[in-house]
Amino acid sequence: MWNTLIQHLTLIICIVPLIGACIVLFVSRWGRSAMRMTVMMNVALSCFLSVVAVAYFQVPAEENQDKIQQFQFESVIGWPGNLSGISFNKDLSETNGKHVQDQTRQNQVSGLSSRLGMDGIRLCFVCLTSLIMIPIVFSDSVHSEGKPEKKFGVSFYSLILIAESLLFLNLTSMNMIMYLISFQLLILVFYLTIGLWGGKEKRRVNRKYLQFQTAGILLISFGLILTTIAYSGIASSIAPEKSTLELSLPVIVQEIPDLISSNLEVAEYWQQFSPWIFYSLLIGFFITTGLFPFHTWFSTVNSETPASVAIFLSAISLKIGLLGLLEIVFPLFPELLVSLNGLFISLFLIASIYTALLTLAQDDLRKMGTYLCLCQLQLIAVGIFTFNDVARYGAILMMIGHGVAFSLYFYLVSLLENRFKTREMEAFSGLSRKYSTWSFLFGMTLFSLVGVPGLFGFTGIFTLLVGISQASFLYSLVVLFVFVLQGWAVFWMLQKILFGEFREPVFVEGSSMLKNDHGLNQPEILDRTSSEQEFHAEPKRLIRFEFYFLFLLVIALVFFGIFPNTILKTIDSAGNSLKMKRESHSSMMKVVPNHSADTPQWGLVPRSEGSFT
Amino acid sequence: MNPLLMDLSAALILMISGFVMLLISCPKILFKPRSVYLQTLEDPDKETVSNNSYSGMISFLVILVAGAFYFQSEFPGILFENINEIEETDFTSSLIQTSSLSKAVHISLLILGSLHLSIGIDFSKKLKHPSVYLAVILFCLGSLLMMSLVQNILLLFFLLEMSSLGVGLLITFCEKNDATKSTVRNYWMNHVVSMVLFFWGTVLLWGVGKSFDFFRLKESVFLLLGSESEKVWGVHPEYLLMGSILFMVASIGMKMGLIPFQSGTLILRSKTSFGNMGAWILVQFSAGIIVLIRLNEISFVHLPEKIQLLLLMISGVTMLIPAILAVRELEWAKSFSYMTAVHAGFLILGVASGIGTVTAVHSESLFLASMPNGIHSTVYYLFVFLLMNAGVLGVLVALEKEGYKIRYMDDFRGLYHIHPPASICLAILLIGLAGFPVTAGFWGRMFIAINSLSVSTLGTAEALPLFNPVFFVLALIFCLSSLMIAIVYFQILGSMFFQTPVKKSQKLSGQFALSSTMFAAMLTVGLGLFPSALIRLTNTNKSPDSIQTGSIQEKPETLVLKEKNKTSRGEHRDAETVNQ
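Residues numbered from 1 in each chain as written. Chains lettered and ligands numbered in written order. Predicted model: local features only at pLDDT ≥ 70, side-chain atom pairs only at ≥ 80, totals over all residues. Heavy atoms only, no water.

Asker: Would you mind showing me how to read the overall build of chain B here?
Answerer: Helix and strand content of chain B: 26 helices and zero strands. In chain B, which comprises 580 residues, the proportion classed as buried is 61%. (Helix = DSSP H or I, 4+ residues; strand = E, 2+ residues; numbered from the N terminus. Buried < 20%, exposed > 50% of the residue type's maximum accessible area, 1.4 Å probe, protein only.)

Dropping the structure here:
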């Protein structure tokens, strides 16, 4: 029984939130507290399953790395109406993909079925998704009295659980169509969430979100469909009797470079398609990730979304695009990327300086976090595009650490926003005197984000810097400068709102509510230092019992800051998908006459570094 | 299991669902005819209502009887005798394909016809001639069914014009809007022009083949094109064939509203009331696509590259220009009309990617043989699009009946708070039209996209295919226009759900129209979850067993064509290699 459960763990992780959503619909008759309790139990179960996955995940010793499957806990799910008569999947037993082991061969299926599984990187992101659900569930309370707000009902709880399930499905799915379906449904769910619980500008914001995300997903769809068709064309020319549409992304990604390097005709053929696929996938993933120059939607959307969507977007959704770049675009188009990476890195560095300066200029806490998030995303992209293994490890570490920290950040800011109806920095001062727990969590979050040693952020930032400096010293200097700018912005903010004389905005009944730039009602700000008696009389807390749950996230920040090796080993087990395919890349350079092995005009020379661990 | 039996089961399920829907939606008529009659005596104004309901019932009965005839055997009734004869001849793969497509088209049309009849009952209640509407729908439906079966080009022309005539009658006698006069005049003018164009196309085709019979035409056109010296009326037969196709495509373009042939059709369509608009789209789209598929059998296969280019150009502009206009448009009816044109562009892209599949790509590539090809994808998408379209128009007819005036996009605001079930159904249909999962629209678009990209990437099994960037550009336009129309659909969705209502909650009385909308929404989601039901219907000739064992016999000409294609491809490849 237990073994079966472990065997199908990925599937169970994907399904549990969906079941939770159904239960929420059922218990809605017993009120909000019952629904909230159900969601919390479901989130706890997801966290538990993630812990089980971590415990049972086989991290290989270095010498046994090839013997262990990259993808573990594999299960196959079929589309409800299996497309019998249409054989989408290639006969898996005939594929040469290294990860297709004996166990997988038993799972041959016809029709549209998807294999779900987790490698080291996906496992980390699954755990991250489970973890960030904690602040998302608590984002439904308005005055932090521990009770859910009226406006959040059954639809809210169902939608966040469905979003969680779709994220799991997207992260673990190896099938192209399932990947696209989960991606599109995720856009739909966020569209509804923003539309129902967004700020005053929700209409405009929603339209912008939809335009950008749909454009991104359509380009990704175009690229992926073309990739699968081109692969099937190549496969049918080599083995005509086995030719059906192959939809398994890992198989395609692993086999295309091998086929190209072994056959001149195939390489020429691939060269015809590769620019089309490359640019559509690249632009698609850039848009969905919010990378420069397609970053504008994120800054607009994130400031007006409900806290739950802001957490989802900043902590995990944007990373899906980065993962797509890392796992699909990089292995398929190394030569095109090498020829363009200098251009991209320069763009990202300029964008990171620009967004860091914008972070400094903000007076709105949510916007400040948004620009900080954007800035770090550009830096992560720099790490990915440097073609350096260490920098890539750093980028992945940073993605995870960044996800945990930003989920906490946006939750904590939403608490202030909900309580005081404003998020202007000017309105707050000396909050640590009254709201010590909130201040502690806020401080830890920001310390991690700017890379204070001993916290998760530090490991990511340090590894990234080491990797980038190995690739180019100049780039590392610029990145360092950006981190200094970020640190400046963050510490300036911390000093302003946590320390100094205590001041908080107060809503006076009957007083006129002012509208700020963001359309929020801004109450009259009173100087509370004059009323010491009132200050000591009833010290209200911003965070109550949820502190114990949120503390889990802080523990994660500290634990992985002190023991980064635990997570590095897991990431390292993904091995092949993470490391550059230098052998196939160099052989491809030899085969394809148009791309000589000379140093490209725009690009860096890929440097061969070993595994970081 | 016998594929025909499977088709039958799938189709029966659909028919039973339709029947159940009918039972649920019209208990008043079924069980209280006497009281309705008495009410009519008391209130003479109600007379039209009772007549209308009885007409609706009779129409449904006719459809059910037709369906019962159709399903009682492999090839049903008198109408299908030709097909039985044809099947005994040596024309194999293409004809089997025709028959399987006919089945798919028939079942789709029966379902869509039932939906439109249901909508029509509510729509035609306050018309002067309510039963005309329903009768015309039945008449057009019959014409369309026949069009997919006849083996004579002249008869095809006649039936096409009959269906157009039906739409004209609707606009002339069953129009509620004020701008009727000019709309009617413009429609009839368009109708005459398109009729002349198609007639000239038919004449030219006769000139090439010296026959109106499909199979003789196919044979003689092939032989004539093969001989270099022979000329018809002093012109090379290839030019004549191309001319005839141009005339016919232009005629269909005028009917469907394809750019550049639409000549005001899109604006005209937006000026009609929602019930008529639905019937117009159903009849003209189905007729246009059926004619294109039939022409693919005769003439397209002989000039695949030129026809493909022509259709791709039409498809490209039809997808792009109306999509831009739809995004900029504030008036809902116009925007909706433009968006239907965009969907027509998708369908033409599907047809273009299906050209030549009968002879060249389809029979050679096992990959393509294992999934729905361009033509099958087009039939699939035609059905799901018309289904969703009917559902959307059903809600609008029901709203119109309650006195709502849906003129601008903003008129949908807060609809969810006024009519939750109707707006949820409408939301599902709009999401489907936007091409999002898990709806039938997603699969339809996916199949068309896969096919249009496959055509240029998959050639023969022996050699790697040639690269055709035109399809790539078209696929990108496909993505762009999908994005633009998705924005418009989601704008309406946003208005319905996220804005405050202008009216208080009230019950809609248009139960027939609403029930058809609900059925359409359920079927949209159902086909999104179980897309195999309809695909298998359109794909019965290509069961995996028959493909693997090579049971599809090939006609000698087909083989010759294949050889010819291979040779030309090989030459083309060699030329490219030399250039490189």
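Asker: What exactly am I supposed to notice about the overall build of chain A here?
Answerer: The helix and strand inventory of chain A stands at 23 helices and four strands. Relative to its 613 residues, chain A shows a buried fraction of 64%. Excluding contacts between residues fewer than 6 apart, the proportion of contacts in chain A whose partners are at least 24 apart in sequence is 82%. Accessible surface computed for chain A: about 21300 Å², of which carbon and sulfur atoms make up 60%. (Contact = heavy atoms within 4.5 Å. Areas by Shrake-Rupley, 256 points an atom, 1.4 Å probe, with all protein chains shown as cover.)

Asker: Any chance you could explain the side chain of B:Ser481 here in plain terms?
Answerer: Note that B:Ser481 resides in helix H22 (residues 469–498). Judged by its relative accessible area of 0%, B:Ser481 is buried.

Asker: Whenever I open this one, the environment of A:Val59 confuses me. Can you help?
Answerer: Residues and elements named next belong to chain A. The topology assignment puts Val-59 in the loop between helix H3 (32–56) and strand S1 (72–78). Residues Val-59 and Thr-570 lie 511 residues apart in sequence; the distance between their C-alpha atoms is 6.0 Å. Setting aside residues no more than four positions away along its own chain, Val-59 makes contact with Lys-569 and Thr-570.

Asker: Would you explain the nonpolar core in this entry?
Answerer: Where a protein is soluble and globular, its nonpolar side chains tend to be buried together. Among the nonpolar cores identified, the biggest contains 372 residues, and A:Phe385, A:Phe442 and B:Trp332 are the most heavily contacted of them. Sequence-distant contacts of B:Trp332, defined by excluding residues within four places in its chain, comprise B:Phe274, B:Met339, B:Val392, B:Leu396, B:Ile406, B:Arg407, B:Tyr408, B:Met409, B:Phe412 and B:Ile492. (Core = buried A, V, L, I, M, F, W, Y, C linked by side-chain atoms within 4.5 Å.)

Asker: Sorry, what's going on with the packing of aromatic side chains here?
Answerer: For any pair of aromatic rings, the description consists of the separation of the ring centres together with the inter-plane angle of the planes. All names here are of chain A. Scanning the model with the defined rule gives 48 aromatic pairs over all chains in all. Taken together, a centroid distance of 5.7 Å and an interplanar angle of 25° make the contact between Phe-406 and Phe-410 stacked. Taken together, the positions of Phe-406 and Phe-410, both in helix H15 (residues 389–420) and four residues apart, correspond to about one turn of that helix. For the residue pair Phe-406 and Phe-410, the accessibility class agrees, reading buried in each case. Over the ring of Phe-26 we find Arg-29, and its NZ or CZ is 4.9 Å from the ring centre. Positioned above the aromatic ring of Phe-387, the side-chain terminus of Arg-392 is 5.5 Å from the ring centre. (Phe/Tyr/Trp six-rings, centres within 6.5 Å; stacked < 30°, edge-to-face > 60°. Lys NZ or Arg CZ within 6 Å of the ring centre and 35° of its normal.)

Asker: Looking at this structure, I do not really get unusual backbone geometry. What am I missing?
Answerer: A negative phi angle is the norm for most residues apart from glycine, just as the trans form is the norm for most peptide bonds. Residues and elements named next belong to chain B. Of the consecutive residues Ile-259 and Pro-260, the connecting peptide bond is found in the cis state with omega at 15°. Its location among the elements puts Pro-260 in the loop between helix H11 (237–256) and helix H12 (265–271). The peptide bond linking Pro-437 to Val-438 adopts the cis configuration, its omega dihedral lying at -5°.

Asker: Mind showing me how you'd approach the environment of A:Val253 here?
Answerer: Residue and element names in this part refer to chain A. Locating Val-253 in the fold gives a position in helix H9 (residues 249–262). Overall, Val-253 belongs to the buried group, its relative accessible area being 11%. For the pair Val-253 and Leu-332, spaced 79 residues apart in sequence, the C-alpha to C-alpha distance is 6.2 Å. The residues contacting Val-253, other than those within four sequence positions of it, are Glu-327, Ile-328, Pro-331 and Leu-332.

Asker: Which parts of the structure should I look at to understand the packing of helix H2 (residues 9–27) of chain A against helix H6 (residues 154–172) of chain A?
Answerer: Any two packed helices are characterised by how steeply their axes cross, that is the angle between the axes, and by the distance between the axes. Residue and element names in this part refer to chain A. At a closest axis distance of 8 Å, the pairing of H2 and H6 adopts a crossing angle of 170°. By the angle between their directions, the pair H2 and H6 is classed as roughly antiparallel. Residue-level inspection shows Thr-10, Ile-13, Cys-14, Pro-17, Leu-18, Gly-20, Ala-21, Val-24 and Leu-25 of H2 in contact with H6, the latter providing Val-154, Tyr-157, Ser-158, Leu-161, Ile-162, Glu-164, Ser-165, Phe-168, Leu-169 and Thr-172. In terms of residue class, the contact of H2 with H6 is made up of 13 nonpolar, five polar and one charged. (Axes fitted to C-alpha atoms, helices over the stretch in contact; angles between N-to-C directions. Parallel < 35°, antiparallel > 145°, perpendicular 65-115°, else oblique. Nonpolar A, V, L, I, M, F, W, Y, C, P; charged D, E, K, R; others polar.)

Asker: How should I be thinking about a nonpolar patch on the surface in this particular structure?
Answerer: Residue and element names in this part refer to chain A. On the surface, Phe-440, Phe-551, Leu-552, Ile-555, Phe-559, Ile-562 and Phe-563 cluster together into a nonpolar patch covering about 620 Å² of accessible area. With five residues, helix H21 (residues 546–562) is the single largest residue contributor to the nonpolar patch. Structurally, Phe-559 can be placed in helix H21. (Patch = residues over 30% accessible without salt bridge, like charges linked within 9 Å, V, L, I, M, F, W, Y side chains within 5 Å. Salt bridge = Lys/Arg side-chain N within 4 Å of Asp/Glu carboxyl O.)

Asker: What's the story with the pattern of salt bridges in this structure? I'm lost.
Answerer: Pairs can form between side chains of opposite charge whenever their charged atoms are close. Residue and element names in this part refer to chain A. Counting across every chain of the model gives ten salt bridges over all chains. Arg-423 serves as the salt-bridge partner of Glu-417, at 3.2 Å between the closest nitrogen and oxygen. Given the relative accessible area of 13%, Glu-417 is considered buried. A salt bridge links Lys-496 to Glu-426, with the nearest nitrogen and oxygen atoms 2.8 Å apart. Separated by 70 residues along the polypeptide, Lys-496 in helix H19 (residues 473–498) and Glu-426 in the loop between H15 and helix H16 (431–434) bring together distant segments of the chain.

Asker: Quick question: what am I supposed to make of helix H22 (residues 564–572) of chain A here?
Answerer: Along an α-helix, a turn takes 3.6 residues, which lines up residues three or four apart on a common side. Looking at H22(A), one finds that the buried residues are A:Ile567, A:Leu568, A:Thr570, A:Ile571 and A:Asp572. Next to the buried residues of H22(A) lie helix H5 (120–138), H15, helix H18 (456–471) and H21 of chain A.

Asker: It is not clear to me how H15(A) should be interpreted in this structure. Could you clarify?
Answerer: Residues and elements named next belong to chain A. With 32 residues, H15 extends 46 Å from end C-alpha to end C-alpha; this agrees with the ideal 46 Å at 1.5 Å per step. With 31 of 32 residues buried, H15 lies mostly within the body of the structure. For H15, the side-chain oxygen to backbone nitrogen distance between the N-cap and Val-390 is 2.9 Å, and the N-cap itself is Asn-388. (Expected span 1.5 Å × (residues − 1). Polar contact = N/O pair within 3.5 Å; in protein donor to acceptor, adjacent residues only side chain to side chain.)

Asker: Explain the confidence of the model for chain A to me, please; I cannot follow it from the model alone.
Answerer: Note that predicted coordinates carrying low pLDDT should not be read in detail. Residues and elements named next belong to chain A. With 77% of its residues at a pLDDT of 70 or more, chain A shows a mean pLDDT of 78. No element of chain A has a lower mean pLDDT than helix H4 (residues 102–105), which averages 35, and none a higher one than helix H14 (residues 365–385), which averages 91. A low-confidence stretch, residues 84–111 stays under pLDDT 50, and its non-local contacts, those more than four residues away or across chains, total 75 contacts. (pLDDT = per-residue confidence, 0-100.)

Asker: Sorry if this is basic, but what is going on with the state of the cysteines here?
Answerer: Covalently bonding the sulfur atom of one cysteine to the sulfur atom of another cysteine gives a disulfide. Residue and element names in this part refer to chain A. Per the counting criterion, the structure on display carries zero disulfides over all chains. Free cysteine: Cys-22, not disulfide-bonded; nearest cysteine sulfur from Cys-14 at 15 Å. No disulfide involves Cys-124; its nearest neighbouring cysteine sulfur is the one of Cys-127, lying 6.6 Å away. Taking relative accessible area as the criterion, Cys-124 reaches 8% and is therefore assigned buried. (Disulfide = S-S within 2.5 Å.)

Asker: How do you make sense of the environment of B:Leu160 when you look at a structure like this?
Answerer: All names here are of chain B. Considering the arrangement of structural elements, one finds Leu-160 in helix H8 (residues 153–173). Take Leu-160: its relative accessible area is 0%, and that puts it in the buried class. If we skip the residues at most four places from it in the chain, Leu-160 touches Met-147, Phe-198, Lys-255, Ala-287 and Val-291.

Asker: How do you make sense of the confidence of the model for chain B when you look at a structure like this?
Answerer: Residues and elements named next belong to chain B. Looking at chain B as a whole, its pLDDT mean stands at 71, while 64% of the residues score no less than 70. Within chain B, helix H25 (residues 544–549) has the poorest average pLDDT of any element, 32, and helix H20 (residues 420–433) the best, 91. Every residue in residues 1–42 is under pLDDT 50, and counting partners more than four places away or in other chains gives 46 contacts. In this model, residues 44–50 is a region of pLDDT below 50 whose contacts with residues beyond four sequence positions or in other chains number eight contacts. Interface predicted TM-score (ipTM) for the complex: 0.79; the corresponding pTM is 0.80.

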